[in-house]
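Take a look at the letters that make up each chain.
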Amino acid sequence: MNLVIDIGNTVAKLAVFEGDKVVEVLRGSNHSLDWLSMLCNKYPIERGIIASVITLSNTIRRQLAGVPFDVIELNHQTPIPIRNLYKTPETLGMDRLAAVVGANYLAPGKNLLVVDAGTALTYEFIDAEGNYWGGNISPGMYTRFKTLNACCDKLPLIESKGETPEFGFDTETAIRAGVIRGIEFEIIGYITLLQKKYPDLLVFLTGGDKFSFDTNLKSIIFADRFLVLKGLNRILNYNVK
């Protein structure tokens, strides 16, 4: 069994895999792996991998040092089953890389757009030959809400849940519709752009935020909230064969 750890800007996810199957996923602090010892006692874990977009805390490093198996810390030098064409691989977020590996593993031989909607909203492209060309980074949904509140004196910080009309009828709905529909249009724009060059394009959507799309696009969009974890598991298995 494999232990996969994905440490993001907000939370840490710990997952146990048996082969390619997700057995259990737990979420917790990104400064301390509170579930680590429980998972190690519960499952016969043989190896692990960790990817982080933040500097690992001393607490996490001590916790990892105490487990009875090897843990790979994913970085730009770790062997991966795709060709990474990013010009500065040492600056590439490992969650971005893992998401691309996961999508390529689930849909090999396809031209893929990977959209990860979290604190940041990222777009990655990998072609049918397994070449990862890079991607773009945009503010995520909550980041947009928070930025409007922080930078505009009279705009409140609102929640994503609530009415989302085509055009807001008060300040709250204007902000919500502007942010959420703006992100939807942004994603559709990337899809439309790539479809001109790659008519067979498939799209993987992952991350904590959910969006609704035009019915013409639904057939090519695959939502998978565990895509990054699956990619990390794929990288781990690739490094032990």
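Just so it is clear, the structure is predicted and the values come from calculations on it, not from any experiment. (Residues numbered from 1 in each chain as written. Predicted model: local features only at pLDDT ≥ 70, side-chain atom pairs only at ≥ 80, totals over all residues. Heavy atoms only, no water.)

**A short note on the packing of helix H3 (residues 94-106) against helix H6 (residues 227-238)**
So, point 1. Remark: H3 packs on H6, axes separated minimally by 7 Å, with the N-to-C direction vectors making an angle of 80°. As far as their axial angle goes, H6 and H3 are roughly perpendicular. Residues Asp95, Ala98, Ala99, Val101, Gly102, Ala103, Tyr105 and Leu106 of H3 form the contact with H6, whose participating residues are Leu227, Val228, Lys230, Gly231, Leu232, Arg234 and Ile235.
So, point 2. By residue class, the composition of the contact of H3 with H6 is ten nonpolar, two polar and three charged. (Axes fitted to C-alpha atoms, helices over the stretch in contact; angles between N-to-C directions. Helix = DSSP H or I, 4+ residues; strand = E, 2+ residues; numbered from the N terminus. Parallel < 35°, antiparallel > 145°, perpendicular 65-115°, else oblique. Contact = heavy atoms within 4.5 Å. Nonpolar A, V, L, I, M, F, W, Y, C, P; charged D, E, K, R; others polar.)

**Re the sheet that holds strand S8 (residues 120-126)**
So, point 1. Pairing is mixed in the open sheet, where six strands are placed in the order S6-S9-S8-S7-S10-S11. Only two strands of the sheet have a single partner each, and these edge strands are strand S6 (83-84) and strand S11 (221-223).
So, point 2. Pairing between S8 and strand S9 (residues 131-139): seven bridges, direction antiparallel. Counterpart to Ala120 in the pairing with S9 is Pro139. (Pairing = 2+ DSSP bridges.)

**Details of the UniProt feature "binding site: K(+)" (unreviewed entry) in the protein**
So, point 1. Those residues carrying the UniProt feature "binding site: K(+)" (unreviewed entry) are Asp116 in this numbering.
So, point 2. Locating Asp116 in the fold gives a position in strand S7 (residues 112-117). (UniProt positions renumbered as here; feature names shortened; annotations may be inferred.)

**Observations concerning the pairing of strand S10 (residues 202-207)**
So, point 1. With five of its six residues buried, S10 lies for the most part within the structure.
So, point 2. Note that S7 and S10 share six bridges and pair parallel. Each residue of the ladder has a partner; that of Ala117, found in S10, is Gly207.
So, point 3. With three bridges connecting them, S10 and S11 associate as parallel partners. Following the sheet pairing, Leu205 is matched in S11 by Ala223. (Buried < 20%, exposed > 50% of the residue type's maximum accessible area, 1.4 Å probe, protein only.)

**Here we look at the environment of Asp34**
So, point 1. Topologically, Asp34 is positioned in the loop between strand S3 (21-28) and helix H1 (36-42).
So, point 2. Residue Asp34 is classed as exposed on the basis of its relative accessible area, which comes to 51%.
So, point 3. The spacing of Asp34 and Leu193 is 159 residues in sequence and 43 Å in space, taken between C-alpha atoms.
So, point 4. Engagement of the side chain of Asp34 in a polar contact is seen with the side chain of Ser32, the distance being 2.9 Å. (Polar contact = N/O pair within 3.5 Å; in protein donor to acceptor, adjacent residues only side chain to side chain.)

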